[in-house]
Each structure stands twice: as structure tokens, then as C-alpha cells.
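Read off the chains here:
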Amino acid sequence: MPNLTALASAARTERETDWRSSTSPHAHDIGLLLIRLALGLTMAAHGSQKLFGWFGGGGIDGTGAFFTMSGYPAGKAMAVVAGLTETLGGLGLAVGLLTPLAGAALVGTMVNALAVVWGGGFFAPKGVEYELLLTAGAAGIALTGPGRIALDRFLPVLRSHRLAYGAAAVVLGLVTSAVILLLRK
């Protein structure tokens with residue numbers, strides 16, 4: 001007959017064990033680094049298309065014309081803002097610097113991108129799945145934090161990521177994008 005006291009103790013110990021202890025902390029950090037690099041560098045490349053015309057982009061003139069055609073006032077100014085936001089936010093996310101704000105910058109930009117492509121369905125070539133995935137990824141990293149392989153570890157305030165920082169940053173990104181969308185015709 002099994003010892004009921006020993007079984008109850010083992011069950012209690014298993015319940016009390018932190019779920020993370022069974023997973024390597026390095027796995028989380030490397031996974032977050034991979035996501036940050038892919039998302040951040042993708043967004044930085046998109047920003048450089050807008051700013052410099054790199055990678056087949058339209059540069060400020062071409063992107064400005066697109067913004068004007070999409071109903072934004074001062075298309076060239078909006079192209080500069082979007083290009084800088086994507087480039088700097090993407091690079092910040094990639095290296096894990098000011099991660100909540102970098103994620104929020106990308107969320108704000110991508111909400112506007114979603115508004116422009118909305119109505120074409122979910123799937124490519126006219127769908128929203130790409131923009132939606134980038135938006136969710138940026139918000140997720142802002143909320144989760146960059147992991148330990150990040151420059152934020154050297155900033156005393158952000159060394160220990162807090163959900164409140166990420167949530168406040170995402171709200172800031174959403175509010176900013178809403179203000180920009182209100183300017184759109």
C-alpha cells in the first residue's frame with residue numbers, strides 16, 4: 001500500500017515548484033533574442049526603404065506620395081516620421097534598448113499600416129496578416145521584455161522588466177497611432 005503522506009507531500013512539492021524551473025532560462029533569452037532580431041531588423045529595413053530608398057523602397061519622395069495618396073496630410077513629413085520610427089524602433093528592439101518604447105513605436109506605426117491595408121481580407125497579397133503579425137510581435141516583446149541578452153540590462157530602470165512598463169508603452173503606441181489616424185482623411 002502506498003504511503004499516502006509521501007504521495008501528498010510529492011504532489012504539494014510539484015504544485016509549489018515554479019514552472020520555469022523545468023525550462024532553461026537561457027532558452028527563453030535566446031528565443032526572445034531571435035524574435036527581437038527578426039522583428040527589429042525587418043522593421044529597420046522597412047524604415048530604411050522609406051528614408052533612403054534602400055532595398056527597393058521609394059525613399060522620402062515616393063513614400064511621401066504614397067502617404068498623401070493614402071489620405072495622410074504632409075505626406076513627406078509622415079514618410080520621415082514613419083521611416084524614423086520603423087528604423088529606430090526596429091534597431092532598438094533588435095538590440096534590446098529601451099525595449100518597451102521601441103515596441104510601442106512599432107505598434108503605433110503598424111496600427112497605421114493596418115488601417116491603410118484594412119479591407120483587403122486576411123491573406124496576402126492584399127491582406128493584413130503580415131502587418132497584424134508584426135504588430136502583435138512588437139506588442140508581445142514590449143509586454144514580455146527583451147530577455148537577459150539585451151542592452152536594457154545595463155539600464156537600472158529597465159534592468160528588471162516590469163509588465164507595467166510594457167503595458168504603458170503599448171497604450172502610448174496605441175494612443176499615438178489613434179491621433180495620427182484622426183489626421184487621416
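In this text the structure is predicted, and so the values were computed from the model without any measurement.

**Student:** When you look at the overall build of the protein chain in this model, what are you seeing that I'm missing?
**Tutor:** A count of helices and strands for the protein chain gives 7 helices and 0 strands. The buried share among the 185 residues of the protein chain stands at 34%. Of all intrachain contacts in the protein chain linking residues separated by at least 6 positions in sequence, the fraction that spans at least 24 positions is 64%. For the protein chain, the accessible area works out to roughly 10800 Å², and carbon and sulfur atoms hold 72% of it.

**Student:** In this structure, what is going on with the nonpolar core? I would like to understand it.
**Tutor:** When a protein is soluble and globular, its nonpolar side chains tend to lie buried together. One finds Leu-39, Met-43, Leu-93, Leu-106, Val-107, Leu-134 and Ala-138 to be the most contacted residues of the largest nonpolar core, which totals 15 residues. Of all the secondary structure elements, the ones that give two or more residues to this core are helix H2 (25–52), helix H5 (99–117) and helix H6 (129–144). Filtering out sequence-adjacent residues up to four positions away, Met-43 remains in contact with Glu-86, Thr-87, Gly-90, Leu-106, Met-110 and Leu-134. Formed by 5 residues, the second largest nonpolar core is a distinct cluster that contains Tyr-72, Met-78, Ala-79 and Ala-82.

**Student:** Please explain the packing of aromatic side chains as it appears in this structure.
**Tutor:** Working definition: an aromatic ring pair is given by the centre-to-centre distance plus the angle between the planes. Evaluation of the coordinates by the stated rule reveals 5 aromatic pairs. Measuring from ring centre to ring centre gives 4.7 Å for Phe-52 and Trp-54, while their planes differ by 35 degrees; the resulting arrangement is tilted. A centroid spacing of 6.5 Å and a plane angle of 90 degrees characterise the contact between Trp-54 and Phe-55, whose relative ring orientation is edge-to-face.

**Student:** Would you mind showing me how to read helix H4 (residues 75–95) here?
**Tutor:** Two residues of an α-helix separated by three or four positions point the same way, owing to the 3.6 residues in each turn. In this model, H4 (21 residues) spans 30 Å end to end at C-alpha, consistent with the 30 Å of a helix rising 1.5 Å per residue. All of the buried residues along H4 are Gly-75, Met-78, Ala-79, Ala-82, Gly-83, Glu-86, Thr-87, Gly-89, Gly-90, Gly-92, Leu-93 and Ala-94. Where H4 is buried, its residues touch H2, helix H3 (59–69), H5, H6 and helix H7 (163–183). Where H4 ends, the next residue or the one after it, Gly-96, has phi of about 75 degrees, a positive value.

**Student:** What's the story with the side chain of Lys-50 in this structure? I'm lost.
**Tutor:** Mapped onto the elements of the fold, Lys-50 is located in helix H2. Its relative accessible area of 16% is what places Lys-50 among the buried residues. Discounting residues that sit within four places of it in the chain, Lys-50 has contacts with Gly-59, Ile-60, Thr-63, Ala-79, Ala-82, Gly-83 and Glu-86.

**Student:** It is not clear to me how the environment of Arg-36 should be interpreted in this structure. Could you clarify?
**Tutor:** For Arg-36, the location among the structural elements is in helix H2. Sequence separation between Arg-36 and Val-95 is 59 residues, and the spatial gap between their C-alpha atoms is 7.6 Å. Apart from residues no more than four positions distant in its own chain, Arg-36 is found in contact with Leu-41, Leu-93, Ala-94, Val-95, Gly-96, Ile-141, Pro-146, Ile-149 and Ala-150.

**Student:** I tried to follow the environment of Ile-35 on my own but got confused; where do I start?
**Tutor:** Along the chain, Ile-35 turns up in helix H2. Ile-35 sits 59 residues away from Ala-94 along the chain, and the two C-alpha atoms are 8.4 Å apart. The residues touching Ile-35, leaving out its near neighbours within four places in the chain, are Gly-40 and Ile-141.

**Student:** Explanation requested: the pattern of salt bridges in the structure shown.
**Tutor:** Should their charged atoms come close, side chains of opposite charge can pair. The full count for this structure, using the stated rule, is 3 salt bridges. Of the charged contacts in the structure, one is a salt bridge between Lys-50 and Glu-86, with a shortest N-O distance of 3.0 Å. In this pair, Lys-50 sits in helix H2 while Glu-86 sits in helix H4, placing the two residues 36 residues apart along the sequence. One salt bridge connects Asp-61 with Lys-76, and the closest N-O pair in it is separated by 2.9 Å.

**Student:** So what exactly am I meant to see when it comes to unusual backbone geometry here?
**Tutor:** With glycine set apart, most residues show a phi of negative sign, and most peptide bonds adopt trans. Put simply, Ala-124 and Pro-125 share a cis peptide bond, and its omega is 10 degrees. Take Pro-125: it is sitting in the loop between H5 and H6. Here Phe-55, not a glycine, exhibits a phi torsion of approximately 55 degrees, which is positive. Secondary-structure assignment places Phe-55 in the loop between H2 and H3. Taking the relative accessible area as the measure of exposure, Phe-55 reaches 60% and is therefore exposed.

Criteria and cut-off values
Residues numbered from 1 in each chain as written. Predicted model: local features only at pLDDT ≥ 70, side-chain atom pairs only at ≥ 80, totals over all residues. Heavy atoms only, no water. Helix = DSSP H or I, 4+ residues; strand = E, 2+ residues; numbered from the N terminus. Buried < 20%, exposed > 50% of the residue type's maximum accessible area, 1.4 Å probe, protein only. Contact = heavy atoms within 4.5 Å. Areas by Shrake-Rupley, 256 points an atom, 1.4 Å probe, with all protein chains shown as cover. Core = buried A, V, L, I, M, F, W, Y, C linked by side-chain atoms within 4.5 Å. Phe/Tyr/Trp six-rings, centres within 6.5 Å; stacked < 30°, edge-to-face > 60°. Expected span 1.5 Å × (residues − 1). Salt bridge = Lys/Arg side-chain N within 4 Å of Asp/Glu carboxyl O.

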